[in-house]
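The residues making up each chain are set out below.
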Amino acid sequence: MSRFFVTNNEEETMDIAYKLSQSVPRGSVFCLMGDLGAGKTTFVKGFAKGLGISETVNSPTFNIMKIYHFDDEGLLIHIDAYRLYNEVINIGLEDFIGYEDGYTMIEWPRYIEDLLPFDCITVDIKIVKGDERSIEITGSDDYLAEI
């Protein structure tokens, strides 16, 4: 199933991610697609807010991965694979992708395709104009119906 949304600002984009965080099961992996500046990290910020994470969420471009803790054992794992293009991927990411007591959100997933599970939730964000975005989320009927 796919759901389509149009947002007019960052807050609306974050709100969609917030609502999604309330319905998806732990262990879910998100493939975040979109051009530079489309709003992938903004989406992660909204998701983190929905999990009750109060830390500042920003892009892990130079770190490749950032981990945020929520509740007692939950982890939000935010990966930016952009810098892994044409690189040997042997840095342990596979240990974090699909972590069963958390969520994995991957920007630029095409650069680490061999590490992705078959049942990723795809979030494709496109710049329409200015702050307006079109967002297509593809995944299970169960949780997409909740948004």
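Anyway, here's the lowdown on the structure attached to this text. Given the structure is predicted, the values throughout are model-derived calculations rather than measurements.

1. Notes on the environment of lysine 126
Phase 1: With respect to the secondary-structure elements, lysine 126 resides in strand E6 (residues 121–129).
Phase 2: Judged by its relative accessible area of 45%, lysine 126 is partly exposed.
Phase 3: Taking the C-alpha atoms as reference points, lysine 126 and alanine 38, separated by 88 residues in sequence, lie 5.9 Å from one another.
Phase 4: Beyond its immediate sequence surroundings of up to four residues, lysine 126 is in contact with Glu132, Arg133 and Ser134.

2. A closer look at the pattern of salt bridges
Phase 1: With the rule as written, the count across this model stands at four salt bridges.
Phase 2: Between lysine 19 and aspartate 15 there is a salt bridge, and its shortest N-O distance comes to 3.2 Å. Here aspartate 15 and lysine 19 lie together in helix H1 (residues 10–21), a separation of four residues that amounts to about one turn.
Phase 3: With relative accessibility at 38%, the residue lysine 19 sits in the partly exposed group.
Phase 4: Relative accessible area serves as the criterion here: at 35%, aspartate 15 is assigned to the partly exposed category.
Phase 5: One salt bridge in this structure joins aspartate 101 and arginine 26, with 2.6 Å as the shortest N-O distance. With aspartate 101 in the loop between strand E4 (74–80) and strand E5 (102–107) and arginine 26 in the loop between H1 and strand E2 (29–33), this pair connects stretches of sequence that are 75 residues apart.
Phase 6: The class for arginine 26 is partly exposed, based on a relative accessible area of 35%.
Phase 7: A single network of salt bridges, built from pairs that share partners, joins Arg26, Asp71 and Asp101.

3. Digging into the pairing of strand E7 (residues 132–138)
Phase 1: Here E7 shows a clear split, with Arg133, Ile135 and Ile137 buried on one side and none of Glu132, Ser134, Glu136 and Thr138 buried on the other.
Phase 2: The pairing of E6 with E7 spans seven bridges and is antiparallel. Following the sheet pairing, isoleucine 125 is matched in E7 by isoleucine 135.
Phase 3: What sits between the antiparallel neighbours E6 and E7 is a turn of two residues, in which glycine 130 has the positive phi angle 55°.

4. Brief notes about the sheet that holds strand E3 (residues 65–70)
Across a sheet, paired strands are connected by hydrogen bonds in the backbone, their directions being either parallel or antiparallel.
Phase 1: Taken in spatial order, the seven strands of this open sheet run E1-E7-E6-E2-E5-E4-E3, and their pairing is mixed. Only two strands of the sheet have a single partner each, and these edge strands are strand E1 (2–7) and E3. Between one strand axis and the next, the sheet turns by 15° as a mean value, whatever way the strands run.
Phase 2: In the packing of helix H2 (residues 40–50) onto the sheet, the strands contacted are E2, E4, E5, E6 and E7, and the crossing angle to E5 comes to about 170°.

5. Describing the packing of aromatic side chains
Phase 1: Overall, the coordinates contain six aromatic pairs when judged by the stated rule.
Phase 2: Relative to tyrosine 103, the ring of phenylalanine 70 lies with its centre 6.0 Å away and its plane at 25°, an arrangement referred to as stacked. A residue pair is termed long-range when its members are at least 10 positions apart, and phenylalanine 70 in strand E3 and tyrosine 103 in strand E5 qualify at 33 residues.
Phase 3: Overall, phenylalanine 70 belongs to the buried group, its relative accessible area being 5%.
Phase 4: With centroids separated by 6.0 Å and ring planes inclined at 70°, the aromatic side chains of tyrosine 82 and tyrosine 111 adopt a geometry described as edge-to-face. Here the residue tyrosine 82 occupies a position in the loop between E4 and E5, and tyrosine 111 occupies one in the loop between E5 and E6, the gap between them amounting to 29 residues.
Phase 5: Classification of tyrosine 82 by relative accessible area gives partly exposed; the value is 37%.
Phase 6: Pairwise contacts between aromatic rings join Phe30, Phe47, Phe70 and Tyr103 into one cluster.

The rules behind the values
Residues numbered from 1 in each chain as written. Predicted model: local features only at pLDDT ≥ 70, side-chain atom pairs only at ≥ 80, totals over all residues. Heavy atoms only, no water. Helix = DSSP H or I, 4+ residues; strand = E, 2+ residues; numbered from the N terminus. Buried < 20%, exposed > 50% of the residue type's maximum accessible area, 1.4 Å probe, protein only. Contact = heavy atoms within 4.5 Å. Salt bridge = Lys/Arg side-chain N within 4 Å of Asp/Glu carboxyl O. Pairing = 2+ DSSP bridges. Axes fitted to C-alpha atoms, helices over the stretch in contact; angles between N-to-C directions. Phe/Tyr/Trp six-rings, centres within 6.5 Å; stacked < 30°, edge-to-face > 60°.

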